[in-house]
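Given next are the chains, with one letter for each unit.
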Amino acid sequence: MYKHIMLPYDGSPLSEKALREGMGLAKSENAKITLIYVISLHHLTVAGANTAPGMADWEREYAENMRAQAKQMLEAARVQVVAAGLVCETLVVDNGAGPYQHIIDGANRLKCDLIVMASHGRRGLDGLLVGSQTIKVLSHSTIPVLVIR
């Protein structure tokens, strides 16, 4: 039924659980997995919209370091998936439109037929302020979503 699964992965214990569940499902369906990590880039400003002096180089270096760390983390997860006898690709994208939108766009572009992701279970004020990427994926995706808790 499922041939290509998109799996957002951040190395947290809950995303590890989602990885294990996604691998089990992929194994039973003989499906391919694409692991995605969305990098949250931060821009430092002074006095509103002006970039702080000297920050452009720091931001560029920070982004490069984040990309390298994300690729290394995804590669370690990819090795686990391949060791289980599954086909796996990785995707690292810079946050622009919001992580949830990159997850959905990536899944659509790669013609995934399922998104498997963890819910971090934030509740109350923290959940309201931070916002759940899982809830946003559930709300906006036309692709089925399996949420692991």
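The structure reproduced in this document is the subject of the present report.

Parameters at a glance
- Residues numbered from 1 in each chain as written.
- Predicted model: local features only at pLDDT ≥ 70, side-chain atom pairs only at ≥ 80, totals over all residues.
- Heavy atoms only, no water.
- Helix = DSSP H or I, 4+ residues; strand = E, 2+ residues; numbered from the N terminus.
- Buried < 20%, exposed > 50% of the residue type's maximum accessible area, 1.4 Å probe, protein only.
- Contact = heavy atoms within 4.5 Å.
- Areas by Shrake-Rupley, 256 points an atom, 1.4 Å probe, with all protein chains shown as cover.
- Pairing = 2+ DSSP bridges.
- Right-handed = clockwise from strand over helix to strand, strands pointing away.
- Core = buried A, V, L, I, M, F, W, Y, C linked by side-chain atoms within 4.5 Å.

For the rest of this paragraph, the subject is the overall build of the protein. Scanning the protein from terminus to terminus reveals five helices and seven strands. Mapped from its N terminus to its C terminus, the protein presents α and β elements in the order β-α-β-β-β-α-β-α-β-α-α-β. A total of 149 residues make up the protein; the buried ones form 40% of that total. In the protein, 74% of the contacts between residues at least 6 apart in sequence involve partners at least 24 apart. When the accessible area of the protein is evaluated, it comes to approximately 8400 Å², of which 55% is carbon and sulfur surface.

On to unusual backbone geometry. Phi is positive for N30, which is not a glycine, with a value near 55 degrees. Within the secondary structure, N30 is located in the loop between α1 (13–29) and β2 (32–39). The backbone of K111 shows a phi angle near 60 degrees, a positive value even though the residue is not glycine. Take K111: it is sitting in the loop between α3 (99–109) and β6 (114–118).

Along an α-helix, a turn takes 3.6 residues, which lines up residues three or four apart on a common side. For α3, the set of buried residues is P99, Y100, H102, I103, I104, G106 and A107. Residues of α3 that are buried in the fold lie against β1 (4–8), β2, β5 (88–94), β6 and α5 (133–140). Directly after α3, the chain includes K111, whose backbone phi takes a positive value near 60 degrees.

What follows deals with the pairing of β1. Within β1, five of the five residues are buried, leaving the element largely enclosed by the surrounding structure. Across five bridges, the pairing between β1 and β2 is parallel. Its bridge partner being in β2, I5 is matched across the sheet by I33. In this fold, the crossover linking β1 to β2 by way of α1 has right-handed handedness. Inspection of the sheet shows β1 paired to β6 by two bridges, in the parallel sense. Counterpart to M6 in the pairing with β6 is I115.

Ranked by size, the top nonpolar core spans 25 residues in total, and within it I5, L19, I33 and L35 carry the most contacts. Of all the elements in the fold, those that place two or more residues in this core are β1, α1, β2, α2 (55–83) and β6. When near neighbours in sequence (up to four residues on either side) are disregarded, L19 contacts L7, Y9, L35, A77, Q80 and V81.

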